[in-house]
Amino acid sequence: MNLPVRFAFLLVFLVALLLHRPLPEPAWLQVDERSFVEFPLGFFGGDLNPHFFNYPTLHFYLCAALDYVWFLLSGSDSLENFVAYRWFVDGFDIIVLARALSTVMSVATVVVVWRIGLRLYGPVAGLGAALFLALMPLHVRFAHLAATDSPAVLWLSLSLLYAVRIVQEGRLRDCLWAGLFVGLAGATKYPGALVAIPVGMSALLRWPTWRNPGLVLAAAASLLTLAVTSPYTWLDPAASWAGLSQMGREHLLSDMHAGGEGRGVTVLRVNLRYGFGLMSLALGVVAILWPWRWRRDELVLLAAIILFGTLVLSASSLFMRYCLPLAPLWSVLVWRLLHRLEARRVWQLGCVALVLAEPAWGSWQHRRLHGGPDTRTEAIAWTLEHLPSGGRLVQMQGRAGQTRRLFTPVSVMVRLQPFERVFGLERLIRAFEILHQRQDLPPLYTYYDLNALARSTAKTSAETLDSTLVLWYEHPLRPNDDKPALAPVVDRIDWLASFSPGPMPEAVFDQVDWHFVPVGGWRDVHATGPSIRVGRAPLNFRTPVPSNRQFLKLMHDIQAGRLAARQQDWAGARRHLGEVLQTPYHLEELLTPSVRYDVLLKLGVAGFYLGDHRAAIDRWHHAARLKPEMAEPHYNMGLAYDALERHAEAVARYERAAALQPDNADILYSLAQSHARLGRYVEAIAAYGSALQLAPSAEGYADFGRILQISGRPEEAKAAFEQSLRLTPDHTRAADIRLMLRR
């Protein structure tokens, strides 16, 4: 490669770095990015099985390695401190690492495309293909995201590079490398494994027989690589198949994202038209249809384009980023036509400039907006300035597009179960102990729902008004269909600040991915994010908002109470969970209904075993009101009423529980026993019969026989006793039953 070509490629590489570099610090997270906090950190618990197979695990492992290096460099006093803070409080530095990795791999893809173009069409075409990809809006748009799409495209491109080498040179080591990269592509994103088809085709083109060493070597290398880099795909086959089949149903077979104009039309009209640029898209189509003969090495490229193009056009999911596998292929494809103009260099340069003009402008606009202000960042800064010690927030409209970088009870609640699943309950308790001791915690803000605003009163103290803010969102991606119904509420808000991305009458958006950056129609847009208005709300709360450390102490008490209950330390459970209910804070805005339900349920159990049955019943009453669809509180109340010898009330609770969970034999057995205590033998016999059909037991048949005997049905009683002995000949009451049968 001569010096001018080296210099030209260096310029292309610098352009790619400029356009693909990670963003400074946007306030938003793409829907999948949170996965690259929890799963990589979860491996630090010692279990390398993610128990999550919507994606393969290779990229999670790479991110975990980066996270560990960052831990070593960060100066954190302990690994558990490092993990706890980023899991529950702020993991954005972990997101930045994952985004930086995606950027590096995206820029590396530009290098690979240069090599593919060089091999197929020469040095000028190699440079041109690399420049096309460096400027392509589709590639630039998603290069910085913490997701599997861009990394999978790198491995896919490397597979195709070596597939071209197989056809051109026929070396077995190229088959080995091609298979290796096929495995890495499949271990990063499942559809990436489809690149095995053009790789296999390249081996058959070189050695036109099914019995050739290249095909065997590539297949063996891909399978081995996939097994090593995503091992639990094979070690946990049931879970991995469930995750894979779920993804297939949702993204390939369902109509969950189908647009009214049809999937293919939407992909062409928005995703590819704005992702490639109109001229680039048209030139690629012409390159496919032009009646020039396809060389054998070009057929590998054509096969990959047809394969991934068919997948994109036929899948139900319309995510723009799902078109990324086509980006490097299309960058090379357009040179199938352009390299034929090398004899007419002026014409060739003119065509290149014409094709690149729109993508270059689009990518620059992406870069401008991504590197500029975001309305959510501005709203967060304003909130931190006016509520520096925390307070209440009401987020109206929209889930996607809301501010997410604030420390809230909701952000902690949704991460409890994943943390406990990976690290266990004792380490969850320890995590809250660690966090409670930190002095660098951000302020706590509580999110309240819209119903609270609708129920609000106009007469509210100024102090309360100062601590309650409403954030109202508007954006073409979030149409406010309920705006007329909310008008009376909105009129009572004292609006204080507004943040706007600018007018968007011509802006075109990716309608599926909730990516609040236009793909086209940039003219008047000067910031990312939705339009946000912030104001004071007329909410009348009589309870304070806890500080960050007070909230973490509350979470510690909940988990410590759960552990005590698990260990049957009922006094400890009542002490910890009782402190939760005695808190001066409004638990509805701090704890999810499921957590409050669990606290009440376990507090009732503790009271029951400590002999305080009336207190237990009171707790279970509250739990039943919180989740009326659950049978357990009613069943527990039945046990407590039985212990208090209030059997009629026990029957009422058992019947309610049985109606909610008719297939629970324990409930029916208890119901039968309470009926028997009340002398209601007909009802008891019916309940025993239903229970025994669900779960036959020796003790159950023994009790059933006793009630039948009391009811004057000796033959049926005898049959029940005999069935009891057949099930368990030596159970505790077997001797008495045999004596009774001999009489």
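Here the structure is shown first, and the text comes after it.
Enquirer: I tried to follow the nonpolar core on my own but got confused; where do I start?
Expert: Grouped burial of nonpolar side chains is what soluble globular proteins tend to show. Ranked by internal contacts, the top residues of the largest apolar core, which has 102 residues, are Leu138, Trp155 and Trp335. Residues within four places of Leu138 in sequence aside, it is in contact with Gly275, Phe276, Met320, Cys323, Leu324 and Ala327. Core analysis: the second largest hydrophobic core is formed by 49 residues, Ala640, Tyr654, Ala687 and Ile707 among them.

Enquirer: How do you make sense of helix α11 (residues 213-229) when you look at a structure like this?
Expert: Spacing of three or four residues puts side chains on the same side of an α-helix, whose turn is 3.6 residues. For α11, spanning 17 residues, the distance from its first C-alpha to its last is 24 Å, which sits close to the expected 24 Å at 1.5 Å a residue. Within the span of α11, buried status applies to Gly214, Ala218, Ala221, Ser222, Thr225, Leu226 and Thr229. On an axial view of α11, the arc spanned by its buried residues comes to 125°, and they lie on one face. Opposite the buried face of α11, by more than 90 degrees, sit the exposed residues Val216, Leu223, Leu224 and Val228. On its buried face, α11 sits against α3 (58-74), α9 (172-188), α10 (196-206) and α12 (232-235). The backbone nitrogen of Gly214 has a side-chain oxygen 3.2 Å away, supplied by the residue at the start of α11, namely Asn212.

Enquirer: Got a minute to help me understand the packing of aromatic side chains in this structure?
Expert: For any two aromatic rings, the description comes down to two numbers: the centre-to-centre distance and the angle of the planes. Counting across every chain of the model gives 31 aromatic pairs. For the ring pair Phe9 and Trp114, a centre distance of 4.2 Å and an interplane angle of 25° mean the geometry is stacked. Of this pair, Phe9 sits in helix α1 (residues 3-20) while Trp114 sits in helix α5 (residues 92-121), and the two are 105 residues apart along the sequence. Ring-pair connections join several aromatic residues into one group, and the members of that group are Phe36, Phe39, Phe52, Tyr55 and Phe60.

Enquirer: Explanation requested: empty space enclosed by the protein in the structure shown.
Expert: Summary: where empty space remains is shown by rolling a probe the size of a single water molecule over the atoms. Under the definition given, this model contains seven cavities of 30 Å³ or more. The volume enclosed by the largest cavity comes to roughly 50 Å³. Looking at the largest cavity, the residues that line it are Glu80, Val83, Ala84, Phe419, Arg427, Arg430, Ala431 and Ile434. Looking at the lining of the largest cavity, the elements that each hand over two or more residues are α4 (79-88) and α23 (425-437). The element contributing the most residues to the lining of the largest cavity is α23, with four residues. Looking at the lining of the largest cavity residue by residue, the class counts come to five nonpolar, no polar and three charged.

Enquirer: Mind showing me how you'd approach the sheet that holds strand β5 (residues 531-536) here?
Expert: The strands making up a sheet are joined through hydrogen bonds of the backbone, oriented either antiparallel or parallel. As summarised here, the arrangement of the five strands in space is β2-β1-β3-β5-β4, forming an open sheet in which the pairing is mixed. The open sheet has two edge strands with one neighbour each: β2 (445-448) and β4 (494-499). Neighbour to neighbour, the strand axes of the sheet diverge by 25° on average, direction disregarded. Across four bridges, the pairing between strand β1 (residues 391-396) and β2 is parallel. The residue of β2 that forms the bridge with Val394 is Tyr448. Sheet contacts for helix α20 (residues 375-386): β1, β2, β3 (468-474), β4 and β5; angle to β4, the most-contacted strand, approximately 135°.

Enquirer: Any chance you could explain helix α33 (residues 665-677) here in plain terms?
Expert: Here α33 contains 13 residues, and its C-alpha end-to-end distance of 18 Å stays within 8% of the 18 Å for a straight helix at 1.5 Å per residue. With 10 of 13 residues buried, α33 is to be regarded as a mostly interior element. For α33, the full list of buried residues reads Ala665, Ile667, Leu668, Tyr669, Ser670, Leu671, Ala672, Ser674, His675 and Ala676. The secondary structure elements touched by the buried residues of α33 are α31 (632-643), α32 (647-660), α34 (681-694) and α35 (698-710). Two or three places before Asp666, at the opening of α33, Asn664 has a side-chain oxygen 3.0 Å from that residue's backbone nitrogen.

Enquirer: Help me understand the pattern of salt bridges in this model?
Expert: Any two side chains of opposite charge can pair, so long as their charged atoms come close to each other. All chains considered together, the criterion is met by 32 salt bridges. Linking Glu420 and Arg566 is a salt bridge whose minimum nitrogen-to-oxygen distance equals 3.3 Å. A residue pair is termed long-range when its members are at least 10 positions apart, and Glu420 in helix α22 (residues 416-423) and Arg566 in helix α27 (residues 548-566) qualify at 146 residues. Given the relative accessible area of 17%, Glu420 is considered buried.

Enquirer: Explain the packing of α9 against α11 here, please?
Expert: When two helices pack together, their arrangement is given by the angle between their axes and by how far apart the axes lie. Put simply, α9 and α11 touch, their axes get as near as 7 Å, and they point 35° apart. For α9 against α11, the interelement crossing comes out right-handed. Mapping the contact onto sequence places Leu172, Cys175, Leu176, Gly179, Leu180, Val182, Gly183, Leu184, Gly186 and Ala187 in α9 and Pro213, Gly214, Leu217, Ala218, Ala221, Ser222, Thr225, Leu226 and Thr229 in α11. Looking at the contact of α9 with α11, its residues break down into 12 nonpolar, seven polar and no charged.

Enquirer: What's the story with the packing of α31 against α33 in this structure? I'm lost.
Expert: Where α31 meets α33, the axes come as close as 11 Å, and the angle between the chain directions of the two elements is 30°. Between α31 and α33, the angle is such that the two are roughly parallel. The crossing of α31 and α33 is left-handed. Between α31, through Tyr635, Leu639 and Asp642, and α33, the contact on the second element is made entirely by Asp666, Ile667, Ser670, Ser674 and Arg677. Here the contact of α31 with α33 is built from residues that sort into three nonpolar, two polar and three charged.

Enquirer: Looking at this model, I keep getting lost on the environment of Val110. Mind explaining?
Expert: Examined against the element boundaries, Val110 turns out to sit in helix α5. Each C-alpha atom of the pair Val110 and Tyr85 lies 36 Å from the other, and the pair is 25 residues apart in sequence. Sequence-distant contacts of Val110, that is, excluding residues within four places in its chain, are made with Val12, Ala16, Ala130, Leu133, Ala134 and His139.

Enquirer: Just checking my understanding: could you explain unusual backbone geometry for this structure?
Expert: Residues apart from glycine generally show negative phi values, whereas peptide bonds are mostly found in trans. Phi at Gln568 takes a positive value of approximately 60°, unusual for a residue other than glycine. Take Gln568: it is sitting in the loop between α27 and α28 (570-581). Gln568 gets classed as exposed once you look at its relative accessible area, which sits at 58%. The residue Glu645 is not glycine, and still its phi comes out positive at about 60°. Mapped onto the secondary structure, Glu645 falls in the loop between α31 and α32. The exposed category is assigned to Glu645, whose relative accessible area is 64%.

About the cut-offs
- Residues numbered from 1 in each chain as written.
- Predicted model: local features only at pLDDT ≥ 70, side-chain atom pairs only at ≥ 80, totals over all residues.
- Heavy atoms only, no water.
- Core = buried A, V, L, I, M, F, W, Y, C linked by side-chain atoms within 4.5 Å.
- Buried < 20%, exposed > 50% of the residue type's maximum accessible area, 1.4 Å probe, protein only.
- Contact = heavy atoms within 4.5 Å.
- Helix = DSSP H or I, 4+ residues; strand = E, 2+ residues; numbered from the N terminus.
- Expected span 1.5 Å × (residues − 1).
- Arc of directions from axis to C-beta.
- Polar contact = N/O pair within 3.5 Å; in protein donor to acceptor, adjacent residues only side chain to side chain.
- Phe/Tyr/Trp six-rings, centres within 6.5 Å; stacked < 30°, edge-to-face > 60°.
- 1 Å grid on protein atoms, 1.4 Å probe; cavity = no way out; pocket = protein on both sides within 12 Å on 5 of 7 lines; lining within 4 Å.
- Points joined across faces, edges and corners; volume = space filled by probe spheres on them.
- Nonpolar A, V, L, I, M, F, W, Y, C, P; charged D, E, K, R; others polar.
- Pairing = 2+ DSSP bridges.
- Axes fitted to C-alpha atoms, helices over the stretch in contact; angles between N-to-C directions.
- Salt bridge = Lys/Arg side-chain N within 4 Å of Asp/Glu carboxyl O.
- Left-handed = near helix turned anticlockwise from the far one by under 90°.
- Parallel < 35°, antiparallel > 145°, perpendicular 65-115°, else oblique.

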